[in-house]
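What follows is each chain in one-letter form.
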Amino acid sequence: MIPFSHAAGPVGMFSLEIWLGFSFSFHSPIRFDSVSACFTPKTENHSEFEGPALPVFQVLPKGKSFWFVRIVWEPALVLLLSVVLQDLFIIQPTLSLYLKFAALALMTKNFIAWHHAWEYLRKLLHMRISAPIMAKLVSGDATEEELAPMHLCSFPKNLSPAIRQAAAVQIARSYSHDH
């Protein structure tokens, strides 16, 4: 039996493998309307949103969790397809190896994206919690118990309000996530 990719000849084999490689590497089919949205940003909803996962993932355990699907199920599908398609002689071992590497890279990319989102949300939460404490620090009403989690101490009582305000701004700047 001649595998499908070999029966098509060198040109057909090359284009089939490229099509399979690209179609398995992306989350969803290429949409040309998203390309036009890049040129007209008003029509773009959110530039970093990749879209929902395929509906087949929703029946799997934790299939409704966006990040679990992106980190575990999608790379596992690419890895499974690379093994099965090679065993069925549909793709060659080199493409199978590429897809295995692509599954690892996809998992790593999505884990890093999850970590960046988690870190961003943690910093927003920290700013939300520390803002009232900073306001109390400026007004001189902050207690040592409130300042201790932020590793701060209160200002001297005889400090002028302008210096107190400038110091609080400097402390807030050092706590900001842009620092």
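Residues numbered from 1 in each chain as written. Predicted model: local features only at pLDDT ≥ 70, side-chain atom pairs only at ≥ 80, totals over all residues. Heavy atoms only, no water.

1. Some points on the confidence of the model for the protein chain
Operational definition: Looking at any residue, its pLDDT shows the predictor's confidence there, from 0 to 100. A run of DSSP states H or I qualifies as a helix once it reaches four residues; a run of E qualifies as a strand once it reaches two. Both are numbered from the N-terminal end. Any two residues whose heavy atoms approach within 4.5 Å are treated as being in contact.
Of the residues in the protein chain, 71% have a pLDDT of 70 or more, and the chain-wide mean is 78. Within the protein chain, helix α1 (residues 4–7) has the poorest average pLDDT of any element, 45, and helix α4 (residues 66–87) the best, 96. In this model, residues 1–14 is a region of pLDDT below 50 whose contacts with residues beyond four sequence positions or in other chains number 13 contacts. Segment residues 24–30: pLDDT under 50, and 13 contacts once partners within four positions in sequence are set aside and those in other chains are kept.

2. Observations concerning the packing of aromatic side chains
Defined as follows: Aromatic pairing here means that ring centres of Phe, Tyr or Trp (its six-membered ring) are within 6.5 Å. Orientation follows from the plane angle: under 30 degrees is stacked, over 60 is edge-to-face, and everything else is tilted. Relative accessible area decides the class of each residue, using a 1.4 Å probe on protein chains only: under 20% of the type maximum gives buried, over 50% gives exposed, and in between gives partly exposed.
Inspection of the entire model under this criterion finds three aromatic pairs. On the numbers, 5.0 Å between centres and 85° between planes, the contact of F66 with W67 is edge-to-face. Judged by relative accessible area, F66 falls into the partly exposed class, the value being 32%.

3. Focus on unusual backbone geometry
In this structure, K62 is a non-glycine residue whose phi angle is positive, near 55°. Non-glycine residue F89 carries a positive phi angle of around 60°.

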